[in-house]
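Residue-level listing of the chains:
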Amino acid sequence: MKKIILIGLIALNTMVASVYGQDIRATMNEDGKYGYIDKNGNNITDFKYEEAESFENGVARVMLDNKYGAINELGKEVIPTKYTFLGAFTNGAAVFNIGGEREWGDEITGGKWGLIDKNNKIIVAASYDLLKRVGDDLIIAKKGGIWGAINSTAKTVIPFQYSYIEEYSPNYLRVNTGGELSEMGTIYGGEWGTLDKTGKVVIDLKYEELGTLNEGLIAAYNGEAWGYIDEKGKEIVPFKYGTVDAFENGYAIVVNEWMSGIIDKQGNEVVPTEYDNIQNIAHGMAAIYTNEKWGYVDMNGKIIIPCQYNNASTLFTIKDKKSNKSMLIAVVGNDELYGVINTQGVELIKQKYESIEARDSSDGMFTVELNGKQGMINVFTGKEILPTKYDYIGLPYNGLIQVSLSGKNGLFDEAGKEILPVGKYDSFNIGEDSSIITVSIKDKWGAIDLTGKVIVPIKYDYRVFFSEGLAVITLNEKYGFVDMSGNEVIPPKYHFALSFKHGLTLVINTDSKAGIINKTGKEVIPLIYDKAQALSANIIVVLLDGKVGFFNSAGEEITPLIYDEEIDVKDEKVYITKDGKTFILDLHSGKISE
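Keep in mind that what you see is a predicted model, and the values were worked out from it rather than measured.

(A) Representation of the overall build of the protein in the model. What the protein contains, in helices and strands, is zero helices and 69 strands. A globule of 594 residues ought to have a C-alpha radius of gyration of about 25 Å, yet the protein, at 33 Å, is considerably larger. Projected onto the principal axes, the alpha-carbon positions of the protein cover approximately 85 × 75 × 40 Å. Across the 594 residues in the protein, those meeting the buried criterion constitute 46%. For the protein, the accessible surface area stands at approximately 28,900 Å², while carbon and sulfur atoms represent 47% of it. Taking the 60 positively charged and 82 negatively charged side chains of the protein as two groups, their mean positions are separated by 5 Å.

Pasting the structure below:
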């Protein structure tokens, strides 16, 4: 839902966050403060809160002066706004912190934690060092440096006997015993295992390290070697490796006696552990390093590209827009110069650039650098689209490439054709229609097409952006409109105007009176109102002397000005009020119902 503030002299649409709980919703006013109103638009609370959430179980959390509390549906603060943190009410209880400080990222440090119900009854006094809800009725707890877990009634679910507990997956917790908390907030030493959320041990606490769960497997260290177990603790890959990575796309890099290989999820060494280094598994291939050179291997252990490069990137997929052809490529280099090869080792771009900014799932047009200057290449053609002479080259956008040289900008198409010579215009912008470019010279604005032809004379006071085929122009502080041929179809005569939407737009005269015109310049709604706005192609709303009325797009009255100023729009309907009653106006038909 959005709250509509009718457009007057300031000419702004004010979008308002609205969240619903039964018939009460939170709404933000023009000062950025939140309050609650009922379905008839009556204020339930003052507009004073910095945050206001939806109602759940009859209460809503609010923030005032950077502290949290809660209100009921009568607007009464049933929980005073004094808490650094107040969680959701689940199973009748919410976690709270009092006395702590909110750090960056909303992390809470210091203070004490407890549990409270929605009637402000303290279930658990603020006596814990940490409480963190990890399920509907499970709360990880820390007290006196010892970790356990409680439920919403403060009953102990997991005994307080662990050095650390954290949520590990939707079903399991990772726990440590015997470890110590470092100054960085991490646990070192001790033994790791997992519990289910009833506290039952699932993976025995016997591992010195226990990695994250990836693709159903967990990297674990038993004190002598690394292997992999499943989430129930069953050994899947033997403990025989010096280091291991997490599984990704079915494969993991492992190291045995300082040599790297790749295994699948059954523990098979698809690439034997005989390489000095392996990096960047992607698209069924990986970069391998041996005898101080890089090459590529597939997931069957077959060397696809011999080790002959000083540097080798991950594999990237590129797609030619014209032919729809895709290709896997890599950036490789020797002697600090880089080029591009395909997976057959064919050199597509010679190794002559100091850097190549490759991107996966791209069109194969990459920015390159040589002697501190940037250019652009097309990998499919093997050619330079733009020579390496620019200070900066942007990524292609709607078929256009922006360049910069000595503080001046220019524009090219993807074939390298010059659209805007560098420095010809002081600045330029590409709007919703990329075939038209807004340009400026000496603070005057106009527009050109992609051939460089001027279509809107460069004489206007502000940027020329088109919407629905017309652009607002300003000249001598007056507003009008030009078409895409540069014709002033509506001369600049208004004190203010917005861009067209639904074939209609707001205009304001020098007396600060608002009206609506169509694309021919006809005043559909005369300029006699305090505010006006086209809500759709069919419905226009106006405000005069604090009352709202509605017209159709032909300027015919749908309702007189009898409704309250504040209106809500939701699901193609307008919610309006009169004498405390709510009515609904359909944005298509214009019909009103209760």
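Let us keep going from here.
(B) The layout of surface pockets, seen in detail. Each pocket or cavity is described by its volume, and for the largest pocket that value is around 730 Å³. If you go around the largest pocket, you meet 29 residues; those closest to its centre are Glu107, Ile108, Trp113, Leu130 and Lys132. Breaking the lining of the largest pocket down by element, the ones donating at least two residues are β12 (108-109), β13 (112-116), β15 (130-135), β16 (138-143) and β19 (164-167). Sorting elements by how many residues they give to the lining of the largest pocket places β15 first, with five residues. For the lining of the largest pocket, the class distribution of residues is 13 nonpolar, seven polar and nine charged.

(C) Spotlight on the sheet that holds strand β54 (residues 466-467). Taken in spatial order, the four strands of this open sheet run β54-β55-β56-β57, and their pairing is antiparallel. In this open sheet, the two strands that pair with only one neighbour each are β54 and β57 (490-494).

(D) Molecular detail of the pairing of strand β44 (residues 373-378). Burial runs high along β44: five of the six residues are buried. Bridge count between strand β43 (residues 365-370) and β44: six bridges; the pairing is antiparallel. Bridged to phenylalanine 366 within β44 is isoleucine 377. Joining the antiparallel neighbours β43 and β44 is a turn of two residues, in which asparagine 371 adopts a positive phi near 55°. Here β44 runs beside strand β45 (residues 383-390); their pairing, made up of four bridges, is antiparallel. Along β45, the bridge assignment pairs methionine 376 with leucine 386. Counted along the chain from β44 to the antiparallel partner β45, the turn is four residues long, and its residue glycine 382 has a positive phi close to 75°.

(E) Representation of the sheet that holds strand β62 (residues 531-534). Pairing within the open sheet is antiparallel, and its four strands lie in the order β62-β63-β64-β65. Every interior strand has two partners, whereas the edge strands, β62 and β65 (557-564), have only one. Averaged over all neighbouring strand pairs, the angle between strand axes comes to 20°, with direction disregarded. Note: strand β64 (residues 547-552) against β65, four bridges, orientation antiparallel. Each bridged residue has a counterpart across the sheet, and for lysine 547 the counterpart in β65 is aspartate 564.

(F) Structural detail: the nonpolar core. With 25 residues, the main nonpolar core has Ile158, Tyr162, Ile165, Leu173, Tyr207, Leu210 and Ile229 as its most contacted residues. Mapped onto this core, the elements with two or more residues apiece are β16, β17 (146-150), β18 (156-162), β19, β20 (172-177), β23 (191-196), β24 (201-207) and β26 (217-221). Within the second largest apolar cluster, 15 residues are counted, among which are Ile318, Val331, Ile349 and Val368.

(G) Focus on the side chain of threonine 367. Within the fold, threonine 367 resides in strand β43. Once residues within four sequence positions are removed from consideration, threonine 367 is found in contact with Ser355, Ile356, Glu357, Gln374, Gly375, Met376 and Ile393.

(H) Layout of the pattern of salt bridges. On inspection of all chains with the given rule, the structure shows 15 salt bridges. We note a salt bridge from lysine 513 to aspartate 530, for which the minimum N-O separation is 2.9 Å. Placement of lysine 513 in the loop between β59 (504-508) and β60 (514-518) and of aspartate 530 in the loop between β61 (523-529) and β62 is noted, with a sequence separation of 17 residues between them.

(I) Structural context of the packing of aromatic side chains. Tallied over the entire structure, the rule returns 15 aromatic pairs. Ring centres 5.9 Å apart and planes at 10° place the aromatic pair tyrosine 207 and phenylalanine 239 in the stacked group. Residue tyrosine 207 is found in strand β24, and its partner phenylalanine 239 is found in strand β28 (residues 235-241); the two are separated by 32 residues along the sequence. Comparing tyrosine 207 with phenylalanine 239, the two get one shared label, buried. Measuring from ring centre to ring centre gives 5.2 Å for tyrosine 479 and phenylalanine 496, while their planes differ by 50°; the resulting arrangement is tilted. Highlighted residues: tyrosine 479 in strand β56 (residues 478-483) and phenylalanine 496 in strand β58 (residues 496-497), separated in sequence by 17 residues. Taken together through their ring pairs, the aromatic side chains of Trp147, Tyr164 and Trp192 make up a single cluster. Of note, arginine 174 hangs over the ring of tryptophan 192, and the distance from its end group to the ring centre comes to 4.5 Å. One residue, arginine 463, lies across the ring of tyrosine 462, its end atom 5.9 Å from the ring centre.

(J) Geometry of the environment of tryptophan 192. For tryptophan 192, the location among the structural elements is in strand β23. The exposure class assigned to tryptophan 192 is buried, which follows from its relative accessible area of 8%. For the pair tryptophan 192 and tyrosine 221, spaced 29 residues apart in sequence, the C-alpha separation works out to 9.6 Å. Discounting chain neighbours no more than four positions away, the residues touching tryptophan 192 are Tyr164, Arg174, Val175, Asn176, Ile187, Asp204, Leu205, Lys206, Tyr207, Glu208, Glu209 and Leu210.

(K) Geometry of the environment of isoleucine 44. By the element assignment, isoleucine 44 lies in the loop between β4 (34-38) and β5 (51-52). Those residues in contact with isoleucine 44 that sit more than four places away from it in its chain are Ile24, Tyr36, Ile37, Asp38, Glu73, Leu74 and Gly75.

The rules behind these values
Residues numbered from 1 in each chain as written. Predicted model: local features only at pLDDT ≥ 70, side-chain atom pairs only at ≥ 80, totals over all residues. Heavy atoms only, no water. Helix = DSSP H or I, 4+ residues; strand = E, 2+ residues; numbered from the N terminus. Rg over C-alpha atoms; globule rule 2.2 N^0.38 Å. Buried < 20%, exposed > 50% of the residue type's maximum accessible area, 1.4 Å probe, protein only. Areas by Shrake-Rupley, 256 points an atom, 1.4 Å probe, with all protein chains shown as cover. Lys, Arg positive; Asp, Glu negative; His and termini not counted. Charge placed at Lys NZ, Arg CZ, Asp CG, Glu CD. 1 Å grid on protein atoms, 1.4 Å probe; cavity = no way out; pocket = protein on both sides within 12 Å on 5 of 7 lines; lining within 4 Å. Points joined across faces, edges and corners; volume = space filled by probe spheres on them. Nonpolar A, V, L, I, M, F, W, Y, C, P; charged D, E, K, R; others polar. Pairing = 2+ DSSP bridges. Axes fitted to C-alpha atoms, helices over the stretch in contact; angles between N-to-C directions. Core = buried A, V, L, I, M, F, W, Y, C linked by side-chain atoms within 4.5 Å. Contact = heavy atoms within 4.5 Å. Salt bridge = Lys/Arg side-chain N within 4 Å of Asp/Glu carboxyl O. Phe/Tyr/Trp six-rings, centres within 6.5 Å; stacked < 30°, edge-to-face > 60°. Lys NZ or Arg CZ within 6 Å of the ring centre and 35° of its normal.

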